[in-house]
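# Overview (structure and organization)
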Amino acid sequence: MLTSVWTISAQADVYQWTDTEGQVHFSDTPHIGAKKHDVQPLHGIENPSFNMAKQVLTLPYQDVHGSMVVKARINHVPMSFILDTGATLMVLSPNMAKQAHIDIHNHKQIILQTANGLVRVPQITIDSVEVGTWKQHHVQAAIQTVSSQKNIGLLGMSFLKAYRMSIDHQRHIILLEAI
């Protein structure tokens, strides 16, 4: 594995000189015959998924019958979720909870307001939620079937509240900015 470490000092000057053999040198210490080298500050990396000034995750989505469906991993198990900023909690179907090795028995029961009325459901804490390259631990969720598809959940505000979000419908991407 190759690892790069960059150290940048905001105050350091960089000096450049050429030795008698024609080799160019750079240093933060002045040298006889050295010229001060103009260094531009590093504001970002040319990668749309990562910027040092503000961390932004580019998350692709699929339009499924007017819903934005994204991929996520629950306890390292890949799953599909409808992005739902109106949902207070993440919601997993009972089948999804089983796949992620989450015990749904003996948990606190809460009442959720759904499109079909009030329902009593178990509230759980998910150990690990990964969306793209970002991970959160101990995310609150509810267990409830949200679709005729038993393997789709809701990515709600218990995960999304940590981000600013914008949507590019033309490119089918969601931009999440850590706040």
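I will try to describe carefully the structure that is included in this document.

The rules behind the values
Residues numbered from 1 in each chain as written. Predicted model: local features only at pLDDT ≥ 70, side-chain atom pairs only at ≥ 80, totals over all residues. Heavy atoms only, no water. Pairing = 2+ DSSP bridges. Helix = DSSP H or I, 4+ residues; strand = E, 2+ residues; numbered from the N terminus. Axes fitted to C-alpha atoms, helices over the stretch in contact; angles between N-to-C directions. Salt bridge = Lys/Arg side-chain N within 4 Å of Asp/Glu carboxyl O. Buried < 20%, exposed > 50% of the residue type's maximum accessible area, 1.4 Å probe, protein only.

### Observations regarding the sheet that holds strand 13 (residues 163-168)
Here we have 3 strands laid out as an open sheet, ordered 4-14-13, and antiparallel in their pairing. Either end of the sheet is taken by a strand with one partner, and the two such strands are strand 4 (56-60) and strand 13. Geometrically, the sheet is characterised by an average inter-axis angle of 20° between neighbouring strands, direction not taken into account. Pairing geometry for strand 4 and strand 14 (residues 173-178), over 5 bridges, is antiparallel. Opposite L59, over in strand 14, you have I174 as the bridge partner.

### Remarks on the pattern of salt bridges
As enumerated under the stated definition, the model contains 3 salt bridges in all. Across the pair R164 and E177 runs a salt bridge, and its minimum N-O distance is 3.6 Å. Placement of R164 in strand 13 and of E177 in strand 14 is noted, with a sequence separation of 13 residues between them. Notably, a salt bridge pairs R171 with D168, separated by 3.6 Å at the nearest N-O pair. Take D168: its relative accessible area is 22%, and that puts it in the partly exposed class.

### Notes on the environment of I152
If you trace the backbone, I152 turns up in strand 12 (residues 152-155). By relative accessible area, I152 is classed as buried at 6%. Sequence spacing of I152 and V91 is 61 residues, and the spatial spacing of their C-alpha atoms is 8.9 Å.

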